[in-house]
Structure formats: C-alpha cells, structure tokens
Amino acid sequence: MSNTHDWCKSSYSPNAANCVYVRTDRDGTLRLRESDAPDTILATAPATFGAFIRAAKAGALDHLTTAAQRSPRAR
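A brief look at the structure comes next.

1. Brief notes about the sheet that holds strand 2 (residues 20–24)
In step 1: Here four strands make up an open sheet; going across it, the order is 1-2-3-4 and the pairing antiparallel. Among the strands making up the open sheet, the edge pair consists of strand 1 (8–9) and strand 4 (37–44).
In step 2: Summarising the sheet, strand 1 and strand 2 pair through two bridges and their orientation is antiparallel. Bridging across to strand 2, Cys8 finds its partner in Val22.

Here's what the structure looks like:
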C-alpha cells in the first residue's frame, strides 16, 4: 500500500470514516481509494475519469442504482 502522505482527501469527504482519497502518479495515472478499503485502489486515466464524472452528473448512470430503478424518472 502507498504511503498515506501521497494521497489527498476529497473536500467532499467531511469525516474520517467515509473518505475518498486521490493521487496522481508521475505517469499521469489517477488513483482513487476509499478509507474503509485502503488496499483497494482504482487506477484510471484522467480523461476516462472525467468522462465518468460528466456522465454521473448528467444522470446517465442513474439506472444503475436500486433507488433510481424504482423511480418513475428511470423508466
């Protein structure tokens, strides 16, 4: 596992129990991990992660959640 000093905590993670950490490697790879599972690390390219965030903000992934599947908007 990487040294915790290499990671930055998201400003959207207010308490220590539910934090998302991010770092960028020298080669540009973006890495993300969650405080409850620090050994599980998601690695991706910044452009790919940007596309994911834009899709999530636009609601393109809402159908993947249980609550959204029950919502009339998701149908």
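From this point, things continue past the structure.
2. Description of helix 1 (residues 46–58)
In step 1: The end-to-end C-alpha distance of helix 1, which contains 13 residues, comes to 18 Å, matching closely the 18 Å that a straight helix rising 1.5 Å per residue would cover.
In step 2: In the segment just after helix 1, Gly59 is the residue with positive phi, at about 85°.

Quick notes on the rules
- Residues numbered from 1 in each chain as written.
- Predicted model: local features only at pLDDT ≥ 70, side-chain atom pairs only at ≥ 80, totals over all residues.
- Heavy atoms only, no water.
- Pairing = 2+ DSSP bridges.
- Helix = DSSP H or I, 4+ residues; strand = E, 2+ residues; numbered from the N terminus.
- Expected span 1.5 Å × (residues − 1).

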